[in-house]
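Each chain, letter by letter, is given below.
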Amino acid sequence: LQLTLLMSALLGTLYSVPPFRLKRFPTSAALCISAVRGFVINFGFAAHAALLFKTTESLVSLPLRCWLVASFYTVYGIVIALAKD
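A short tour of the structure in this document, coming up. (Residues numbered from 1 in each chain as written. Predicted model: local features only at pLDDT ≥ 70, side-chain atom pairs only at ≥ 80, totals over all residues. Heavy atoms only, no water.)

## A few points about the overall build of the protein
Okay, so step 1: Along its length, the protein carries three helices and zero strands.
Okay, so step 2: Listed N to C, the secondary structure of the protein is α-α-α in terms of helices and strands.
Okay, so step 3: Dimensions of the protein along its principal axes, counting C-alpha atoms only, are 40 × 25 × 15 Å.
Okay, so step 4: With 85 residues in all, the protein has 26% of them scored as buried.
Okay, so step 5: Put simply, of all contacts in the protein between residues at least 6 apart along the chain, 55% involve residues at least 24 apart.
Okay, so step 6: Carbon and sulfur atoms make up 73% of the accessible area of the protein, which amounts to about 5,900 Å² in all. (Helix = DSSP H or I, 4+ residues; strand = E, 2+ residues; numbered from the N terminus. Buried < 20%, exposed > 50% of the residue type's maximum accessible area, 1.4 Å probe, protein only. Contact = heavy atoms within 4.5 Å. Areas by Shrake-Rupley, 256 points an atom, 1.4 Å probe, with all protein chains shown as cover.)

## Observations regarding a nonpolar patch on the surface
Okay, so step 1: Taken together, the side chains of Val69, Phe72, Tyr73, Tyr76 and Ile80 present a nonpolar region at the surface, about 480 Å² in accessible area.
Okay, so step 2: As for its position among the elements, Tyr76 is in helix α3 (residues 64-84).
Okay, so step 3: By relative accessible area, Tyr76 is classed as partly exposed at 44%. (Patch = residues over 30% accessible without salt bridge, like charges linked within 9 Å, V, L, I, M, F, W, Y side chains within 5 Å. Salt bridge = Lys/Arg side-chain N within 4 Å of Asp/Glu carboxyl O.)

## Topic: the nonpolar core
Okay, so step 1: Listed in full, the nine residues of the largest apolar core are Leu11, Tyr15, Ala29, Ala30, Cys32, Ile33, Val36, Val40 and Ala81.
Okay, so step 2: Those elements that place two or more of their residues in this core are α1 (2-16) and α2 (26-52).
Okay, so step 3: It is α2 that contributes the most residues to this core, six residues altogether.
Okay, so step 4: Not counting chain neighbours up to four residues away, the residues in contact with Val36 comprise Ser8, Leu11 and Ile41.
Okay, so step 5: With six residues, the next largest nonpolar core counts Ala47, Ala50, Leu62 and Ala70 among its residues. (Core = buried A, V, L, I, M, F, W, Y, C linked by side-chain atoms within 4.5 Å.)

## What to know about unusual backbone geometry
Glycine aside, residues mostly have negative phi, and peptide bonds are mostly found in the trans state.
Okay, so step 1: In the segment running from Pro18 into Pro19, the intervening peptide bond is cis, with an omega of 5°.
Okay, so step 2: Relative to the helices and strands, Pro19 is located in the loop between α1 and α2.
Okay, so step 3: Phi at Arg21 is positive, roughly 35°, even though this residue is not glycine.
Okay, so step 4: Inspection of the secondary structure puts Arg21 in the loop between α1 and α2.

## Points about the side chain of Thr74
Okay, so step 1: Tracing the backbone through its elements, the reader meets Thr74 in helix α3.
Okay, so step 2: On the basis of relative accessible area, Thr74 is assigned to the buried category, the value being 17%.
Okay, so step 3: Among the polar contacts listed, one links the side chain of Thr74 to the backbone nitrogen of Phe39, at a separation of 3.2 Å.
Okay, so step 4: Residue contacts for Thr74: discarding those within four places in its chain leaves Ser34, Gly38 and Phe39. (Polar contact = N/O pair within 3.5 Å; in protein donor to acceptor, adjacent residues only side chain to side chain.)

See the structure below:
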């Protein structure tokens with residue numbers, strides 16, 4: 001969970017703080033937004049819940065539906081971010 005929050009904060013910082021300000025460029029903004037909202041948060045929270053409730057031993061052995069949900073929302077986030085910017 002801490003790694004998920006750290007990655008989310010790091011990408012959010014890179015998105016809006018100079019000299020990086022990834023939101024200046026539509027492609028990098030879309031990738032940043034979809035990475036955080038799509039993959040990092042969905043996969044991180046699913047992995048945390050699976051490890052917390054002992055339904056899996058490692059991140060690699062997460063159920064396929066966790067990988068599919070994270071992948072779906074990543075692609076969905078890219079489409080929304082590109083349409084928004």
